[in-house]
Amino acid sequence: MSLANWQDEYRRKLMSAEEAVQFVKNGDSVVVPLGREPEALGLALAARQDELHDIHLTVYAPGLDFGWYDPGWEESFRVTVAYIFPRGISREFMDARRGDFLIQSVFGAPWDMRDE
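Each value, and the rule that gives it
- Residues take numbers from 1 onward in each chain, read along the sequence in its written order.
- Under the rules for a predicted model, residues below a pLDDT of 70 receive no local features and side-chain atom pairs below 80 are neither given nor counted, while totals for whole chains, interfaces and linings still include all residues.
- To obtain the side-chain values, all non-hydrogen atoms of the structure were used and water was disregarded.
- To count toward a patch, a residue needs a relative accessible area above 30% and no salt bridge. Like charges then connect within 9 Å, nonpolar side chains (Val, Leu, Ile, Met, Phe, Trp, Tyr) within 5 Å.
- For accessible areas, the Shrake-Rupley method is used with a probe of radius 1.4 Å. Any residue's cover is judged against the shown protein chains and nothing else.
- For this document, the term salt bridge refers to a Lys or Arg side-chain nitrogen within 4 Å of an Asp or Glu carboxyl oxygen.
- Going along the chain from the N terminus, every DSSP run of H or I of four or more residues is numbered as a helix, and every run of E of two or more is numbered as a strand.
- The term polar contact refers here to a pair of N or O atoms within 3.5 Å; inside protein, the definition further demands a hydrogen-donor-capable atom paired with an acceptor-capable atom, and it admits residues adjacent in sequence only when both atoms are side-chain atoms.
- Contacts: residue pairs with any heavy atoms within 4.5 Å of one another.
- In this analysis, rings of Phe, Tyr and Trp, with Trp reduced to its six-membered ring, are considered paired at centre separations within 6.5 Å, and the interplanar angle assigns stacked below 30 degrees, edge-to-face beyond 60, and tilted for intermediate values.
- Working definition: with a 1.4 Å probe on protein chains only, accessible area under 20% of the residue-type maximum means buried, over 50% means exposed, and in between means partly exposed.
- For two strands to count as paired, DSSP must find a minimum of two bridges between them.
- Viewed with both strands pointing away, a crossover whose connecting path from the first strand over the helix to the second turns clockwise is right-handed.

Trainee: Would you explain a nonpolar patch on the surface in this entry?
Mentor: Taken together, the side chains of W6, Y10 and L14 define a hydrophobic patch exposed on the protein surface, amounting to about 370 Å² of accessible area. Checked against the element boundaries, L14 lands in the loop between helix 1 (3–13) and helix 2 (17–20).

Right, dumping it as structure tokens:
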């Protein structure tokens, strides 16, 4: 593929955050990676709270509040916090037992996903 073709393909696939989260359907799993959460995507996904149900979110090291840690969001978003310890924004959420916690190893792989 030539460089010009690659650039055309890239431009063809560009979309807004609101368009991108339209691919998320009821029952899907979404992983928010370790590092800075993609703010525009998180806000766009949270804006769909009333239309989505049973979305399983795995959030590594949460730092931004998109609303899904608040009481009343559990039908739309089932959240698993995956980190060495819950912190900051997710602490109250975890203390209230509104979500799950996946213990993370210091090497970055969740305990249930590493090779034994």
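Trainee: Please explain the side chain of R98 as it appears in this structure.
Mentor: With respect to the helices, strands and loops of the structure, R98 is situated in the loop between helix 4 (91–95) and strand 4 (100–103). Of the polar contacts made by the side chain of R98, one reaches the backbone oxygen of Y69; its length is 2.5 Å. In this view, R98 contacts Y69, D70, P71, E74, E92 and F93; residues no more than four positions away in its chain are not counted.

Trainee: Would you explain the packing of aromatic side chains in this entry?
Mentor: One pair of aromatic rings is described through two measures. These are the centre distance and the angle between the planes. Tallied over the entire structure, the rule returns five aromatic pairs. Note on Y69 and F93: the rings are 5.2 Å apart at their centroids and 75 degrees apart in plane angle, and the pair reads as edge-to-face. Pair noted here: Y69 is in the loop between strand 2 (55–60) and strand 3 (77–83) and F93 is in helix 4, with a separation of 24 residues, a long-range link. An identical accessibility class is assigned to Y69 and F93; each is buried. For the ring pair W73 and F77, a centre distance of 6.0 Å and an interplane angle of 25 degrees mean the geometry is stacked. Judged on exposure class, the residue W73 and its partner F77 are both buried. Ring-pair connections join several aromatic residues into one group, and the members of that group are F66, W68, W73 and F77.

Trainee: I tried to follow the pattern of salt bridges on my own but got confused; where do I start?
Mentor: Where charged atoms of side chains with opposite charge meet at close range, the side chains can pair. Across all of its chains, the model carries seven salt bridges by this definition. Note that R36 is salt-bridged to E39, the shortest N-O span being 3.5 Å. Relative accessible area serves as the criterion here: at 63%, R36 is assigned to the exposed category. We classify E39 as partly exposed; its relative accessible area is 39%. Among the charged side chains, a salt-bridge network with shared partners connects E9, R12 and K13.

Trainee: Is there a simple way to think about the pairing of strand 2 in this case?
Mentor: Consecutive side chains of a regular strand alternate in pointing toward one face of the sheet and then the other. Counting buried residues in strand 2 gives six out of six residues, a clear majority hidden from the surface. Across the two faces of strand 2 the burial is the same, with I55, L57 and V59 and H56, T58 and Y60 all buried. In this sheet, strand 2 lies alongside strand 1 (residues 29–32) in parallel orientation, the contact comprising four bridges. Its bridge partner lying in strand 2, S29 is registered against H56. Following the chain from strand 1 across helix 3 (residues 39–46) to the adjacent parallel strand 2, one finds a crossover that is right-handed.

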